[in-house]
Amino acid sequence: MDAESGGCGAAGARARNKSWRSEMVLAYQSLGVVYGEVATSPLYVYRSAFAGGDIGHSEGNEEIYGVLSLVFWTLTLVTLLKYVLIVLRADDGGEGGTFALYSLICRRVGAGLLPGAGADDDLKEQRDGAAAAAASPPASSVRSALQQRRELQWLLLLFALLGTSMVIGDGVLTPAVSVFSAVSGLKLSMVNEEHQYVLLPVTCVILVGLFALQHFGTHRVGFLFAPIVSLWLLCISVVGVYNIIYWNPHIYKALSPYYMYRFLQKTQVEGWMSLGGILLCVTGSEAMYADLGHFSQSSIRLAFTTVVYPSLILAYMGQAAYISRHHSFEKNHHIGFYVSVPEKIRWPVLGIAVLAAVVGSQAVITGTFSVIKQCCSLNCFPRVKIVHTSSTVHGQIYIPEINWILMVLCLAVTIGFRDTKHMANAQGLAVITVMIVTTCLMSLVIVLCWNKNVIFALAFLLFFGAIEAIYFSASLVKFHEGAWVPIILSMIFLMVMCVWHYGTAKKYEFDVDNKVSISWLLDLGPSLGIVRVRGIGLIHTEIMSGIPAIFSHFVTNLPAFHQVLVFLCIKTVSVPHIQPEERFLVGRIGLKQYRLYRVVVRYGYRDVQQDSLEFEKALVSSIAEFIRSGDSDQNGYLNGSDSPYERLSIISKGLPFQEDSEPDGSPESSTLKETNPKLVSSKSRRVRFVLPENAQINSEVRSELHELTEAREAGMSFIMGRSYMKAKSGSSLIKRITINFIYEFLMRNSRSPAYAANVPHVSTLEVGMVCQV
């Protein structure tokens, strides 16, 4: 007994040690991905703070002590308390970010505005979350208000889109600020006439190189990220400790909140305006939450509390200690990071700073790609080309169009401003706006998803909202000094996202209103009134019930159609990931001899869609398993209709099949294969389904599987509709401009749907339709 207990205890200890080792590895890796932006903030925080409000630097050091106190408490309250200890807990299936909060709220409340949102009603996560939310009495009034009032749903969506557009703006501003601040260390080694001709070209070259390398993917150089950021954090910590010991060992007293009061009392309006620069000490905090899907909560907390947070505090204290003993700066905006670095190690530190700035910028750019992919998946952004740069690392993507747009905008900001003051003002407003959006959405999560008392949500909203409102006002007052940039950028991206979402929703409504009833189809008979030819016809549609209008055009105008027809609906639902066993929903339309099937394929907004070959195999396998298992599946999913032909079954695992170049000789008792040479393609492809051992199937099922085999051997044809949107006559001027011009322009310049990207053109048939909305 004791030996057995000892063995169990040893096994448990080994498991815990292995878990801790894996967490340590993740924490180390997170340094290079998550913390590159916040780690480089000491490069420009003090300079931006003293330049932002034009505050002085007196012999009494009230100003530098006050700025240090504000930086310390802002970093502690906002980043450590709000994000690390509270917000990180609000994960949407392990994912984080603004859209993750939005989808989490909508899924719990059932108040989403995304077309076809009912496609995820049967998911286990959806049912469990709805049950948990329904059990919260304090949330009932808030939940009912969101469910019943559509204007509140639109407001919630606009709020999420506003935060997302500011994240995209941050992807433009962060590389410019970080790289320019890192390169600005060259000023101390050159005379004024020289550095003004060097800083800007060097910064632009580094930025162009940074964006040009994006198509390689971060996994190729990602192994360097964590060592670079670790070396940078070690460097600023050592320099900070040196400055504290050598210049002002009593600088720790400035951490007292008393010095914040003294600072604001003395500087008043100028001190309030300097808060926009102090705010930059928490830039990158949102990245911790947005990158939650790549790491675990505990690993991010471990890295921040044990490495990042102490290093940043030492760095800020060291800078303040140096500045407190030097009052002979030519200009206040010369107060920066490099003046506090000992001259003997300034060049190595400069090189490490540039590398750290590149790493931090890389993380922001990658995060921007991820956010835009989420928006595209949820029909809130025009379709763009998404390239997955790694087959093993989740989330490593590259979007060419967005990459070059970000590069052009980043270079324009850098060349237009040519100083960190205006760029920092712009970045500060973008950062604080995203934080305010997160605070508001998080207060709803506390009530609706965590089932906490409304008092806790109000306390969270009022406490952090008050802090962020003060910083927001200080950033907004600098509108004419650079803060207008994120506002203009966010308004452009917000307009694009709103117009695309509105047009997509209107198109979906048109498809639903103009779908053909199933009774009309059943009246045509098994042959549908036309000749059925070999092959599988995949009819892509956005609706999950009824017959799409394009099919009626086919039946009316075409003399022949495929022997097997599949109405295929590919939906991205408001959950981050869909398990493979919940991905395919298969149903039958009409009687068995019709050979008409409906398949709904679901993806999460962070899922990677399968390529065409794998998708075709999975689709045929799912239909075959549906045929083999019969129509008595009790796990049916009803699309809001009482018709027996609308029932879909969840196919957790498809019936496997093999495609051979030559006929197979396996026994017919275990396989179904085609032996008629007239039905063999030029490639002599043979298809056979592998049935379970001792499987008993009747002749009707065998015949249906046999016909599916024939159709698969003959090949697939992909039939897709191309819609042209037009506003109805009599529509308002705003609607006509939105639909006829802006949405149509976005449609013409956007990519095809993701599922159509790899479809062979020789097998594709497009049908144009004009949608009057």
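What counts as what
Residues numbered from 1 in each chain as written. Predicted model: local features only at pLDDT ≥ 70, side-chain atom pairs only at ≥ 80, totals over all residues. Heavy atoms only, no water. Helix = DSSP H or I, 4+ residues; strand = E, 2+ residues; numbered from the N terminus. Buried < 20%, exposed > 50% of the residue type's maximum accessible area, 1.4 Å probe, protein only. Contact = heavy atoms within 4.5 Å. Phe/Tyr/Trp six-rings, centres within 6.5 Å; stacked < 30°, edge-to-face > 60°. Lys NZ or Arg CZ within 6 Å of the ring centre and 35° of its normal. pLDDT = per-residue confidence, 0-100.

Helix and strand content of the protein: 26 helices and 13 strands. Across the 773 residues of the protein, 55% fall into the buried class. Expressed as a percentage of contacts within the protein between residues at least 6 apart in sequence, the contacts between residues at least 24 apart total 83%.

Take the packing of aromatic side chains next. Tallied over the entire structure, the rule returns 18 aromatic pairs. Ring geometry for Phe99 and Tyr102: centres 6.0 Å apart, planes at 85 degrees, overall edge-to-face. Separated by three residues within a single helix, Phe99 and Tyr102 lie in helix α5 (residues 98-109), roughly one turn from each other. The burial state of Phe99 is the same as that of Tyr102; both residues are buried. The interplanar angle of 55 degrees and the centroid separation of 5.5 Å between the aromatic rings of Trp232 and Phe337 together place this pair among those described as tilted. Pair noted here: Trp232 is in helix α11 (residues 225-247) and Phe337 is in the loop between α16 (297-324) and α17 (346-377), with a separation of 105 residues, a long-range link. The buried category is assigned to Trp232, whose relative accessible area is 0%. By relative accessible area, which is 2% here, Phe337 ends up buried. One aromatic cluster in this structure is built from Tyr242, Tyr246, Trp247 and Tyr322. The residue whose ring lies beneath Arg89 is Trp450, and the NZ or CZ to ring-centre distance is 4.5 Å.

We now examine the confidence of the model for the protein. For the protein, the average pLDDT comes to 79, and 79% of its residues sit at 70 or higher. Overall, residues 632-642 carries pLDDT values under 50, and its contacts beyond four positions in sequence, including any with other chains, amount to 24 contacts. Note that pLDDT drops below 50 for residues 663-684; the model gives that stretch 41 contacts with residues more than four away or on any other chain.

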